[in-house]
Amino acid sequence: MNPQLGEKLLYLSRADVAAVGLTMSEIIAALELMFREKGEGRVEMPPKIGIHTMPDAFIHAMPAAIAGKNASGMKWVGGFPDNSKRGLPYITGLLILNDFETGVPIALMDCIWITAQRTGAATAVAAKYLARADSASVGILGCGVQGRSNLEALTATFALKRVFAYDTHGDRAAAYGQEMQKKFGIEAVVVSDPKEAVIQSDIVVTAGPILRKPHATIQRGWLAEGAFASLVDFDSYWHPEALKECDKFTTDDVPQLHHYRDIGYFQNIPPIHADLGELATRRKPGRESRQERTIACNLGLALDDMAVAPLIYEKAKDKGIGTWLRL
Ligand SMILES: NC(=O)c1ccc[n+]([C@@H]2O[C@H](COP(=O)([O-])OP(=O)(O)OC[C@H]3O[C@@H](n4cnc5c(N)ncnc54)[C@H](O)[C@@H]3O)[C@@H](O)[C@H]2O)c1
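Residues numbered from 1 in each chain as written. Predicted model: local features only at pLDDT ≥ 70, side-chain atom pairs only at ≥ 80, totals over all residues. Heavy atoms only, no water.

Chemist: Can you walk me through the site of the ligand in this structure?
Modeler: Around the ligand there are 23 residues in total, and Gln146, Asp167, Arg172, Gly208 and Tyr237 lie nearest to it. In this structure, Asp167 approaches the ligand through a side-chain N or O atom, which is 2.6 Å from an oxygen atom. Here a nitrogen atom of the ligand sits 2.5 Å away from a polar atom, N or O, in the side chain of Tyr237. When contributions to the shell around the ligand are tallied by element, the ones reaching two or more residues are helix H3 (112-130) and helix H4 (145-155). Considering only residue class, the shell around the ligand consists of 10 nonpolar, 10 polar and 3 charged. (Near = heavy atom within 4 Å. Polar contact = N/O pair within 3.5 Å; in protein donor to acceptor, adjacent residues only side chain to side chain. Helix = DSSP H or I, 4+ residues; strand = E, 2+ residues; numbered from the N terminus. Nonpolar A, V, L, I, M, F, W, Y, C, P; charged D, E, K, R; others polar.)

Chemist: Is there a simple way to explain the nonpolar core in this structure?
Modeler: Note on soluble globular proteins: their nonpolar side chains tend to be buried together. Counting residues in each nonpolar core, the largest one holds 72 residues, and the members touching the most others are Leu31, Leu97, Met109, Ile114, Leu151 and Ile312. It is H3 that provides the largest number of residues to this core, a total of 10 residues. Once you skip the residues sitting within four places of it in the chain, Leu151 turns out to touch Val138, Ile140, Leu160, Val163, Tyr176, Met180, Phe184 and Ile186. In this structure, Trp238, Tyr260, Tyr265 and Phe266 belong to the second largest nonpolar core, which totals 27 residues. (Core = buried A, V, L, I, M, F, W, Y, C linked by side-chain atoms within 4.5 Å. Buried < 20%, exposed > 50% of the residue type's maximum accessible area, 1.4 Å probe, protein only. Contact = heavy atoms within 4.5 Å.)

Chemist: Mind showing me how you'd approach helix H8 (residues 254-262) here?
Modeler: The α-helix advances 3.6 residues per turn, and as a result positions three or four apart in sequence lie on the same side. Taken as a whole, H8 has its buried residues at Gln256, Leu257 and Tyr260. In a view along the axis of H8, the buried residues occupy a sector of 100 degrees, so they form one face of it. For H8, the exposed residues lying more than 90 degrees away from the buried face are Pro255 and Asp262. Looking at the buried positions of H8, the neighbouring elements they touch are strand E4 (58-66) and strand E13 (248-251). Phi turns positive, to about 115 degrees, at Gly264, one or two residues after H8. (Arc of directions from axis to C-beta.)

Chemist: Just to check I follow, could you spell out the side chain of Asp16 for this structure?
Modeler: For Asp16, the location among the structural elements is in helix H1 (residues 14-19). In this structure, Asp16 is buried with no salt-bridge partner, the nearest side chain bearing the opposite charge being Arg14 at 11 Å. Not counting residues within four places of it along the chain, the set of residues in contact with Asp16 comprises Tyr11, Ile321 and Gly322. (Lys, Arg positive; Asp, Glu negative; His and termini not counted. Salt bridge = Lys/Arg side-chain N within 4 Å of Asp/Glu carboxyl O.)

Chemist: Please explain the side chain of Asp253 as it appears in this structure.
Modeler: With respect to the element layout, Asp253 can be found in the loop between E13 and H8. A polar side-chain atom of Asp253 sits 2.7 Å from a polar atom in the side chain of Lys38. At 3.1 Å, the side chain of Asp253 and the backbone nitrogen of Gln256 are in polar contact.

Chemist: Would you explain the sheet that holds strand E9 (residues 162-166) in this entry?
Modeler: Backbone hydrogen bonds are what pair the strands of a sheet, in a parallel or an antiparallel way. Pairing is parallel in the open sheet, where 8 strands are placed in the order E10-E9-E8-E11-E12-E15-E13-E14. The open sheet is flanked by strand E10 (187-190) and strand E14 (274-275), the only strands paired with a single partner. Both E13 and E14 contribute to a ladder of 2 bridges, which runs parallel. Each residue of the ladder has a partner; that of Thr251, found in E14, is Asp275. Packing of H3 onto the sheet brings it into contact with strand E11 (203-206), strand E12 (228-231), E13 and strand E15 (294-297), and relative to E12 it is tilted by some 155 degrees. (Pairing = 2+ DSSP bridges. Axes fitted to C-alpha atoms, helices over the stretch in contact; angles between N-to-C directions.)

Chemist: So what exactly am I meant to see when it comes to the packing of aromatic side chains here?
Modeler: Note on aromatic pairs: each is described by the distance of the centres and the angle between the planes. Inspection of every chain in the model, using the stated rule, returns 4 aromatic pairs. Consider the rings of Tyr260 and Tyr265, whose centres lie 5.6 Å apart with planes at 90 degrees: the pair is edge-to-face. Site record: aromatic cluster; members linked through ring pairs are Phe234, Tyr260, Tyr265 and Phe266. (Phe/Tyr/Trp six-rings, centres within 6.5 Å; stacked < 30°, edge-to-face > 60°.)

Keep in mind these numbers describe shape, not what the thing actually does.
Shown next as structure tokens:
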């Protein structure tokens, strides 16, 4: 038994979490394992509940447990669209880890890094089942935190040659292009028209703002035959007719998608082919031909965080990172 159990918890600051050095490949593997557990029904995740203090903003409670990993806890995460005007991140929050057998809190950590990395990793897990294995180009629409972590996860999964970068702020796309080229050694093409980032890409990631009423920029005929798209910003970027063109529309959790639909999102999407647990356990097929157009709309699950946080906690203890606080 952990001698600190019930006496102290490990506090990990934003810098501590990053300093632990968990790799994207480790995160992708942890998420894939978790989605298999989910597919087998061995997880617990009640729907998100939340409070809403400002327009289009949320603070959500995200509890989850993964029996096979002895993982349990909750993320308390805020998303505030206007934070950037104050120099603050859009996403902020904390994550509590609980001991699986006693419920005692064992760790408290900043959740910005986990949220960024696990969301990119979820795209990569979906892409493994839904994208062509020889995918070489990625279109990123929205060159922020998610634009970065999604590309990082995709470079860990595919032999990418090129990224097409689009952002409504051209300077952000330009800085992103330079950074990604240097970091991953791939060619970065900065484009000023979103269509150019979609039509030429084997994989498309949309990561702009989430809106109840989609801005529906991406039109029918843009997503290439054989391409895969990851909708990190829900259906906000896509015209319903463009979504209808896909052969397989998937998500990470169907009840959660229905919940969002009930509160006004996802009013015009295609039928759901599978969730990611069904793909990871092969209960439902992923891509079946080179021609198919496939889409994953991963909403972001408490389970994603719970798949990753225990790894950070264990590595932090091994490396002596963090501050022990008395309970
Ligand atoms: N599905 C999930 O699991 C999940 C998890 C975390 C965040 N998100 C969502 O991902 C999105 C991006 O989050 P982030 O943390 O990267 O935000 P961010 O603020 O770091 O980046 C967003 C970028 O999008 C750009 N942008 C705004 N409107 C655009 C448009 N129409 N087209 C192209 N670019 C546009 C902004 O200039 C900015 O560079 C948000 O909508 C967030 O809610 C989803």
